[in-house]
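# An overview of the molecular structure
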Amino acid sequence: MAYLRSEDAVSGKQAKAFATINGRVEELFYAKSIEATIEKNKADVPILGRTNVGKKAAGWAGSGTLTIYYFTSLFRQLMIEYVKTGRDFYFDLQIVNEDPASGVGKQTVVLKGCNLDSIVATSFDITSDDPLEEEMPFTFEDIDMLDQFSRPVTV
């Protein structure tokens, strides 16, 4: 029986994230977490002679949440510009997972055409000692994988 080498588990603490907004690359060193998912849209396919309904993939939707520490005004400025002018903004997110302690190498994913759903306009919390943070839900329209993890070695 093969076993995963524990040192090959990838730590998210070694990740890097970048946003390309209006041609400018912003390193998201203040990011705390990101999770993006792709969900298939499926159409019902009733089939003669079967009691269940089949499903056929009919597209997809990409969405995610970026959580950052609350000390940049960048996304608020962009959202305020949208509020004032109606000009929406789209950007790309590049996420690099590379843990030097792991033998699986790195994975680089680019989420293209990202568009924020909402932002925190302003915030404070006097009841907590934790740093302020904000969650920014978003959608994306395309995805590329520039680098992929290698197959882990088993023992």
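Criteria and cut-off values
- Residues numbered from 1 in each chain as written.
- Predicted model: local features only at pLDDT ≥ 70, side-chain atom pairs only at ≥ 80, totals over all residues.
- Heavy atoms only, no water.
- Helix = DSSP H or I, 4+ residues; strand = E, 2+ residues; numbered from the N terminus.
- Rg over C-alpha atoms; globule rule 2.2 N^0.38 Å.
- Buried < 20%, exposed > 50% of the residue type's maximum accessible area, 1.4 Å probe, protein only.
- Contact = heavy atoms within 4.5 Å.
- Areas by Shrake-Rupley, 256 points an atom, 1.4 Å probe, with all protein chains shown as cover.
- Lys, Arg positive; Asp, Glu negative; His and termini not counted.
- Charge placed at Lys NZ, Arg CZ, Asp CG, Glu CD.
- Pairing = 2+ DSSP bridges.
- Patch = residues over 30% accessible without salt bridge, like charges linked within 9 Å, V, L, I, M, F, W, Y side chains within 5 Å.
- Salt bridge = Lys/Arg side-chain N within 4 Å of Asp/Glu carboxyl O.
- Core = buried A, V, L, I, M, F, W, Y, C linked by side-chain atoms within 4.5 Å.
- Phe/Tyr/Trp six-rings, centres within 6.5 Å; stacked < 30°, edge-to-face > 60°.
- 1 Å grid on protein atoms, 1.4 Å probe; cavity = no way out; pocket = protein on both sides within 12 Å on 5 of 7 lines; lining within 4 Å.
- Points joined across faces, edges and corners; volume = space filled by probe spheres on them.
- Nonpolar A, V, L, I, M, F, W, Y, C, P; charged D, E, K, R; others polar.

As recorded by an unreviewed UniProt entry, the protein carries the name Phage tail tube protein and is attributed to Desulfitobacterium dehalogenans.

### Section: the overall build of the protein
The number of helices and strands found in the protein is one helix and eight strands. Going from N to C terminus, the protein has its helices and strands arranged as β-β-β-β-α-β-β-β-β. Radius of gyration (C-alpha) of the protein: 20 Å, far over the 15 Å computed for a compact globule of 155 residues. In terms of principal-axis extent, the alpha carbons of the protein reach across some 55 × 50 × 40 Å. Here the protein holds 155 residues, and the buried ones make up 26% of them. Within the protein, counting contacts between residues at least 6 apart in sequence, those at least 24 apart form 68% of the total. Element-wise, carbon and sulfur atoms account for 51% of the exposed surface of the protein, whose accessible area totals about 10,600 Å². Distance between charge centres in the protein, computed from 16 positive and 23 negative side chains, equals 7 Å.

### Focus: the pairing of strand S4 (residues 53–69)
Both strand S3 (residues 31–46) and S4 contribute to a ladder of 14 bridges, which runs antiparallel. Its bridge partner lying in S4, alanine 43 is registered against lysine 56. Between S3 and S4, which follow one another and run antiparallel, lie six residues, and glycine 49 among them has a positive phi close to 90°. Two strands pair when backbone bridges link them, and S4 and strand S7 (residues 133–140) are joined in this way by eight bridges, in the antiparallel orientation.

### Side note on a nonpolar patch on the surface
Together, Met1, Tyr3 and Val155 line one region of the surface with nonpolar side chains, adding up to about 420 Å² of accessible area. With respect to the secondary-structure elements, valine 155 resides in the segment after strand S8 (142–147).

### Let's talk about the side chain of glutamine 107
Among the structural elements, glutamine 107 can be located in strand S6 (residues 106–116). Excluding its chain neighbours within four sequence positions, the residues that come into contact with glutamine 107 are Ile95, Val96, Asn97, Met145, Asp147, Gln148 and Phe149.

### Looking at the nonpolar core
Residues Leu28, Phe75, Phe91, Leu93, Leu116 and Phe138 are the most contacted members of the largest nonpolar core, which totals 22 residues. Secondary-structure elements contributing two or more residues to this core are strand S1 (16–21), S4, helix H1 (74–85), strand S5 (91–98), S6 and S7. Residues within four places of phenylalanine 75 in sequence aside, it is in contact with Ile21, Leu28, Tyr30, Ile68, Phe91, Leu116, Ile119 and Met136.

### A word on the packing of aromatic side chains
Within a pair of aromatic rings, the relevant descriptors are the distance that separates the centres and the angle that separates the planes. Within this structure, the stated rule accounts for seven aromatic pairs. Seen in terms of ring centroids, phenylalanine 75 and phenylalanine 91 are 6.0 Å apart; in terms of plane orientation they differ by 55°. Their pairing is tilted. With phenylalanine 75 in helix H1 and phenylalanine 91 in strand S5, this residue pair connects regions lying 16 residues apart in the sequence. Exposure class is identical for phenylalanine 75 and phenylalanine 91. Each is buried. Both rings, one in phenylalanine 89 and one in phenylalanine 91, keep their centres 6.3 Å apart while their planes meet at 20°; by these two values the pair is stacked. A residue is classified by how much of its surface remains accessible, and phenylalanine 89, at 6% relative accessible area, is buried.

### Looking at the layout of surface pockets
There is about 270 Å³ of room inside the largest pocket. Lining of the largest pocket is provided by 15 residues; of these, Gly12, Ala15, Lys16, Ala31 and Lys32 occupy positions nearest its centre. It is S3 that contributes the most residues to the lining of the largest pocket, four residues altogether. For the lining of the largest pocket, the residue count by class is eight nonpolar, three polar and four charged.

### Looking at the environment of valine 109
Tracing the backbone shows valine 109 in strand S6. Note on valine 109: relative accessible area 15%, which makes it buried. Residues valine 109 and isoleucine 95, 14 residues apart in the sequence, show an inter-C-alpha distance of 5.4 Å. Apart from residues lying up to four places away in sequence, valine 109 is in contact with Leu93, Gln94, Ile95, Ile143, Asp144 and Met145.

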